[in-house]
Amino acid sequence: MASSPRSIFSNDSSENIESPATPETQAFFDLNQHNGNQPEDRYVLVTGGLGFIGSHTSIELLKSGYNIVIIDNLSNSYQSVLDRLIQISHLVYGGRLDDCPKVHFHHFDYQNSLALREVLDVYSLPTKHGQALRSQITGVIHFAAFKSVSDSIKYPLEYYRNNINGLVDFLSVLHDYNIKKFVFSSSATVYGTIADRGIPVREEDCVHEPEIYHDQTGTASVASQGCTGLTNPYGRTKFFGEAILSDLANSDETWRIAALRYFNPVGCDKSGLLGEEPKGIPSNLVPAVTRVLIGDIPSLSVFGDDWQTPDGTAIRDFIHVTDLAQAHIKSLAFLQSMTTTRNFRTYNIGTGQGHSVKQVVRAMEEVSQKLIPIITSGRRPGDVGICVARTDRVSKELGWTAKMTLKEACTDICTFLRARDYF
């Protein structure tokens, strides 16, 4: 059995921290290490919390006063990101360690149920005989999924094993510990070829049980279960993941679950300390543009210039990652306070506006003052031409709207690159 986590981080954020020797090794970092882990403390568990979206959500949680527990196997992230989270938190709280929320880090794969149970035991609270198990962890945000469309086509079994099998086992463990507030990282890929109609997609275009809704004319319609034209295994894992969560919520009213359908996250924290640093070859547009800017590759491959769009290149809804991170805060707060019987809900997280590949390239060239050469090649399997969100539901029910522009996202990326002496 695992012992209580030990603090191995000094409050000098410049200290170099070595990675644990194996993915199963647990490391524990406490930004308030002198206060320890008190029974009254409450935490949010973030799987994949050092990745691109995970780290930005982690820092927004800290800014909002949440203590966090991060689980990450570092397969697509770096442990140095932990240092930067703590550094930003110090800046936000003016170096007042007593005011800083706590950061606990555990290095292992979320699919390792034994390690997960050992960690959750640490946060379990004593109960009287006959009471349900209680935990200091009051909510979970789940990012630990594989996310490349092209890789999912090459390695479908790996995607189903991690994104589906892993999710089922993870939920089973959380159920045993009575941790039932869950924010799920989903994707606009669940809309498949519906997105290609040229109009923004709404949540009712993909549902897991029949749902009555009103269209723009006020006419009542019924959305039927299912989805249309899923184009790749990654999208299917997100649809199946949502379906599993919907079924779980229907079977047990004590669960509260929000599935956030991301569109295209870009940008980085304004501090310049956090950014997108994927391991391997990036499959998304903006990380590929970044590699051209810093000289890693000579030109940007544009996959298709014959889409049914004004300039022939694909159109996407690009959302600043900080806006996306704050949507998780809104979702979590909603789940904590939710009293309605609707205990599973999907939300589009986008801006409601589309930009083409060429428009994104021009925006990055304008901000960086650098030329981005383009080479056009054929369309990639699994892609669609247009995918833009309707955001009425999230605005009305959670009070969230995207605030930041594509130009701001490009500016923040360049700030991050300059801070790391890339140009």
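Keep in mind that what you see is a predicted model, and the values were worked out from it rather than measured.

Undergrad: Would you explain the pairing of strand β10 (residues 256–262) in this entry?
TA: Regular strands place side chains that alternate from one sheet face to the opposite one. Burial of β10 is extensive: seven of the seven residues sit out of reach of the surface. Here β10 shows two buried faces, one formed by Arg256, Ala258, Leu260 and Tyr262 and the other by Ile257, Ala259 and Arg261. With seven bridges connecting them, strand β7 (residues 181–187) and β10 associate as parallel partners. Within β10, the residue paired with Val183 across the bridge is Ala258. Relative to strand β15 (residues 344–349), β10 runs parallel, the two being bridged by six bridges. Residue pairing for β15: Ala259 is matched across the bridge by Thr346.

Undergrad: Can you walk me through helix α11 (residues 406–419) in this structure?
TA: Because an α-helix completes one turn every 3.6 residues, residues spaced three or four positions apart along the sequence face the same direction. Given a rise of 1.5 Å per residue, 14 residues ought to cover 20 Å, and the 20 Å separating the end C-alpha atoms of α11 matches this to within 8%. Elements that come into contact with the buried residues of α11 comprise α2 (80–92), β11 (264–266), α7 (285–293), β14 (318–320), β16 (355–356) and α9 (357–368). Positive phi appears at Asp421, one or two residues downstream of α11, with a value of about 60 degrees.

Undergrad: Would you explain the confidence of the model for the protein in this entry?
TA: Detailed conclusions should not be drawn from predicted coordinates in areas where pLDDT is low. On average, residues of the protein carry a pLDDT of 88, and 90% of them reach 70 or more. Every residue in residues 1–35 scores below 50 in pLDDT, and together they form 85 contacts with partners more than four places removed in sequence or on other chains.

Undergrad: What should I look at first to understand the nonpolar core in this one?
TA: Where a protein is soluble and globular, its nonpolar side chains tend to be buried together. Among the nonpolar cores identified, the biggest contains 38 residues, and Leu50, Leu61 and Ile349 are the most heavily contacted of them. The biggest single contributor to this core is helix α8 (residues 321–337), with six residues. Not counting the four nearest positions on each side in its chain, Leu61 is found in contact with Val44, Val46, Tyr66, Ile68, Ile141, Ile329 and Leu332. Counting residues in each nonpolar core, the second largest holds 31 residues, with Ile137, Ala144, Val173 and Leu248 among its members.

Cut-offs used in this document
- Residues numbered from 1 in each chain as written.
- Predicted model: local features only at pLDDT ≥ 70, side-chain atom pairs only at ≥ 80, totals over all residues.
- Heavy atoms only, no water.
- Buried < 20%, exposed > 50% of the residue type's maximum accessible area, 1.4 Å probe, protein only.
- Helix = DSSP H or I, 4+ residues; strand = E, 2+ residues; numbered from the N terminus.
- Pairing = 2+ DSSP bridges.
- Expected span 1.5 Å × (residues − 1).
- Contact = heavy atoms within 4.5 Å.
- pLDDT = per-residue confidence, 0-100.
- Core = buried A, V, L, I, M, F, W, Y, C linked by side-chain atoms within 4.5 Å.

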